[in-house]
Amino acid sequence: KSFLRNGGILLEDLIASSNGKCNPIRNFSAEELITATNNFHSSHSILTCCIYKGYLDDRPIIVKKFKSLTRGEDEVRSHAIRDIVIATQMSNHKNVLKLLGCCLEFPVPALVHEYAANGPLNDHEFLPWKIRLRIAKELAHALTYLHTALSRPVIHRDIGSHSIFLDQDFVPKFSNFSISITIPPHQSHASDGRKYTSVYSDPEYMESGSVTEKSDVYSFGVLLLNFITGKKDESDVWSRKYQTLVRYVKDHVVNKRGTKIVDPNILREGGGDGQAQQVEAFLTLALACTRNKGNERPDMIDVAKELRRIEKSI
Ligand SMILES: *[C@@H]1O[C@H](CO)[C@@H](O)[C@H](O)[C@H]1NC(C)=O
């Protein structure tokens, strides 16, 4: 029953959004995934919820299996299916966690991904500056692709260090497209009547409930601020005074204390003038991305270009 219901919805969404192009993904049985993850044993859990490490033919994999809460099951199901549909179209991008296939036999479909040895970006606080810069550049490229290379622009809507994984070489991989939304033809905004808010959310989206490419640009800007300040946790002392990381940084910059906000770990690297200039340009870019008005923010493609330029400047 689950197979038919899930399969029907999946096929509908896949056809609607792949625009005639075919995207083969493998279909796994429930038994295969139960064996691979030792029956979704909690010791195989990579994050607190839903994400498990498993083995298929001795090859490590990540399995996302959502709990089937009876209330809200339809919503969780449509999230999982959205994730499959967009991940399928993005899977060839090297900064997207490759989708190997899915299993439709559970009440909510499970996703099977390639493994990412360094886990969620969330877990890494002290990456060297050079690596932070490269990660930012690669993520900007993947988002440009999401906005421009599919049959319709797709807005990720949930960018943040929780939705990015790192492989064994610290190559970043976007992993969760479950609330990604497609901009309808002849329109510039998209809305599904729901607001998903986080510390990364665009203030315009929080107010209106509708997103544009610039909403992703804002969230990406907050991520850049995470990289430069080494801060993300809202429970920090600073957040009581400033509430958001964006306000904290803007206040310091306005009062000419911009250098105070730079992560001491970056300063300790002693990268000299070249690195200091990179950090400054990176901060300027992050501030442009987090402007209050969407139409004053750069496009993702320009963000990607600027990050490439900053990286090459040394
Ligand atoms: C994906 O993102 C959605 C929306 O933020 C969240 O509810 C869900 O738990 C996430 N799923 C995974 C597997 O991280």
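Reading the values: rules and limits
Residues numbered from 1 in each chain as written. Predicted model: local features only at pLDDT ≥ 70, side-chain atom pairs only at ≥ 80, totals over all residues. Heavy atoms only, no water. Disulfide = S-S within 2.5 Å. Buried < 20%, exposed > 50% of the residue type's maximum accessible area, 1.4 Å probe, protein only. Helix = DSSP H or I, 4+ residues; strand = E, 2+ residues; numbered from the N terminus. Expected span 1.5 Å × (residues − 1). Polar contact = N/O pair within 3.5 Å; in protein donor to acceptor, adjacent residues only side chain to side chain. Pairing = 2+ DSSP bridges. Contact = heavy atoms within 4.5 Å. Axes fitted to C-alpha atoms, helices over the stretch in contact; angles between N-to-C directions.

Asks: Quick question: what am I supposed to make of the state of the cysteines here?
Replies: Each disulfide is one covalent bond, formed between the sulfur atoms of two cysteines. By the definition in use, this model includes zero disulfides. You can see C102 has no disulfide; the closest cysteine sulfur is in C103, sitting 7.6 Å from it. The class of C103 is buried, set by a relative accessible area of 0%.

Asks: How do you make sense of helix α6 (residues 213-229) when you look at a structure like this?
Replies: The α-helix advances 3.6 residues per turn, and as a result positions three or four apart in sequence lie on the same side. In this model, α6 (17 residues) spans 25 Å end to end at C-alpha, consistent with the 24 Å of a helix rising 1.5 Å per residue. Across the 17 residues of α6, 16 count as buried, placing the element largely inside the fold. Sitting at the head of α6, T212 places a side-chain oxygen 3.0 Å from the backbone nitrogen of K214. The first or second residue beyond α6 is G230, which carries a positive phi of 70°.

Asks: What is the right way to look at the sheet that holds strand β1 (residues 26-27) in this model?
Replies: Within a sheet, neighbouring strands are paired by backbone hydrogen bonds and run either parallel or antiparallel to one another. Ordered in space as β1-β4-β5-β3-β2, the five strands form an open sheet in which the pairing is mixed. Of all strands in the sheet, those bounded by a partner on one side alone are β1 and β2 (51-56). Pairing of strand β4 (residues 99-103) with strand β5 (residues 110-114), which is carried by four bridges, proceeds in the antiparallel orientation. Note that in β5 the partner of C103 across the bridge is A110. Helix-sheet contacts for helix α3 (residues 73-90) involve β3 (59-64), β4 and β5, and the interaxial angle to β4 is about 150°.

Asks: What is the right way to read the environment of V217 from this model?
Replies: Tracing the backbone through its elements, the reader meets V217 in helix α6. Judged by its relative accessible area of 1%, V217 is buried. It is 8.5 Å that separates the C-alpha atoms of V217 and G294, two residues lying 77 residues apart in sequence. Every residue in contact with V217, bar those within four places of it in the chain, is listed here: C289, R297, P298, D299, M300 and V303.

Asks: Whenever I open this one, unusual backbone geometry confuses me. Can you help?
Replies: For residues besides glycine, phi is generally negative; the peptide bonds are generally trans as well. Despite not being glycine, F40 shows a phi value in the positive range, around 50°. Relative to the helices and strands, F40 resides in the loop between α2 (30-36) and β2. What makes F40 buried here is its relative accessible area of 13%. Phi at R157 takes a positive value of approximately 75°, unusual for a residue other than glycine. Inspection of the secondary structure puts R157 in the loop between β6 (154-155) and β7 (164-166).

Any link to function would need more than the numbers given here.
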